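Letter by letter, the chains look like this.
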Amino acid sequence: MKFRNFKMVSFVIYGRGSFNQLDEILAPHRKGDAPMIFLVDHFFEHGAATGDGKPLINRIPLRGKDKIIFADVTYEPKTTQVDKLAKQLKDEFGTVSGIIGIGGGSTLDLAKAVSLMMNNPGSSADYQGWDLVKFPGVYKAGIPTLSGTGAEVSRTTVLTGPTRKLGMNSDFTPFDQIVLDPELIANAPVNQRFYTGMDCYIHCIESLQGTYLNEFSKSYGEKALNLCQYIFLDKDKWDEECDDKLMMASYAGGMSIAYSQVGVAHAVSYGLSYLLGTKHGVGNCIVMNHLEPYYPEGVAEFKRMVEKNNIDIPVGICKGLTDEQFDTMINVSLGMKPLWENALGKDWEKIMTREKLRALYEKL
């Protein structure tokens, strides 16, 4: 197919307090007494509140056999974690009405992956790649409590598997429903909010300077970029307007990737994440700090954002690694072929050699 026939999220609700409509949104998708499973970021396990000051878990509309499962996203989702959750649900309930992910990008990715594995045989590791998923998953909804990754709209669920870090990229992956309620991102920890917001900013820089760029990607990417610049450079304090705008920047940034791709920062960051368990947002920031040769203006602006928001970007995380460990990261990174091609063009393999990539990792 010459042009991608892009599958989007089926339903979107946006607005402060829209989370309160979750019960009526889910009602038509309940199948008999099969439960809705709420996969919630473990950040909320001990009563963390959002929006109206009530603990988030007390606001989840449980019915019948519905269940809340707290997702430990200390590390990014692994294929083993996905398989274990799907097996646990099949053993306990046979089938479920749906999986509702509530949290940051890792929780949303986990929810998408578990939904798919309820209806697809084998291990989630079998589906790491492009268009390998055979059957639609169960109904799935995504409710972000952090904004920036674009996981709420993407057609991937990024997983670390036995041999690689790669998403289940497919038309069956996007959510059936997303609930974008800016009240839910209001109490995000400052550093975490910045790293996740920068994921969106870096998406935009990579997408807008990539060889895959077209007007579809550009329209969304430019809007997301403007929102990020306003929030992280023009505003002097964080307020409700920032939450409203960051949530939309994340959505638009995710949409801009649909018809393009990310680039060098993401490709290199995947290696860090696979070997060292570095979280995605902070990994992107660590790499972006050293990418002047590829994105000179974007890196200069990124450094201004870091300074203005008083954020410390970790340094020296690759000190003392062995040749074997460097090779592992390089292999994972070079496996992200579409990202490199978007960043550097068709001849990217002549430009980004193993030696050059090793030198870049050594700086981090």
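Before reading on, note that the structure itself is shown above.
The rules behind each value
Residues numbered from 1 in each chain as written. Predicted model: local features only at pLDDT ≥ 70, side-chain atom pairs only at ≥ 80, totals over all residues. Heavy atoms only, no water. Pairing = 2+ DSSP bridges. Helix = DSSP H or I, 4+ residues; strand = E, 2+ residues; numbered from the N terminus. Axes fitted to C-alpha atoms, helices over the stretch in contact; angles between N-to-C directions. Contact = heavy atoms within 4.5 Å. Phe/Tyr/Trp six-rings, centres within 6.5 Å; stacked < 30°, edge-to-face > 60°. Buried < 20%, exposed > 50% of the residue type's maximum accessible area, 1.4 Å probe, protein only. Lys NZ or Arg CZ within 6 Å of the ring centre and 35° of its normal.

## Focus: the sheet that holds strand β6 (residues 139-144)
Within a sheet, adjacent strands bond to each other through the backbone by hydrogen bonds, running parallel or antiparallel.
Phase 1: The strand order across the open sheet formed by 6 strands is β1-β9-β6-β4-β2-β3, and the pairing between neighbours is parallel. Sheet topology places β1 (11-14) and β3 (67-71) at the edges, where each strand pairs with a single neighbour. Ignoring which end each strand starts from, the neighbouring axes of this sheet average 15° apart.
Phase 2: Sheet topology places β1 next to strand β9 (residues 177-180); 4 bridges connect them, and they run parallel. When the sheet's bridge partners are listed, V12 is paired in β9 with I178.
Phase 3: Against the sheet, helix α6 (residues 240-258) engages β1, β6 and β9, with an angle of about 165° to β1.

## Considering the packing of aromatic side chains
Phase 1: For the coordinates displayed, the defined rule picks out 9 aromatic pairs.
Phase 2: Relative to Y259, the ring of F6 lies with its centre 6.0 Å away and its plane at 70°, an arrangement referred to as edge-to-face. One end of the pair, F6, is in the segment before β1; the other, Y259, is in the loop between α6 and α7 (264-276), with 253 residues separating them in the sequence.
Phase 3: For Y259, a relative accessible area of 24% puts it in the partly exposed group.
Phase 4: Ring geometry for W340 versus W348: centroids 6.2 Å apart, planes at 15°, classification stacked.
Phase 5: With a relative accessible area of 5%, W348 lands in the buried category.
Phase 6: By way of ring pairs, the aromatic residues F6, F216, Y220 and Y259 are connected into one cluster.
Phase 7: Cation over ring: K165 sits above Y270, and NZ or CZ is 4.6 Å from the ring centre.

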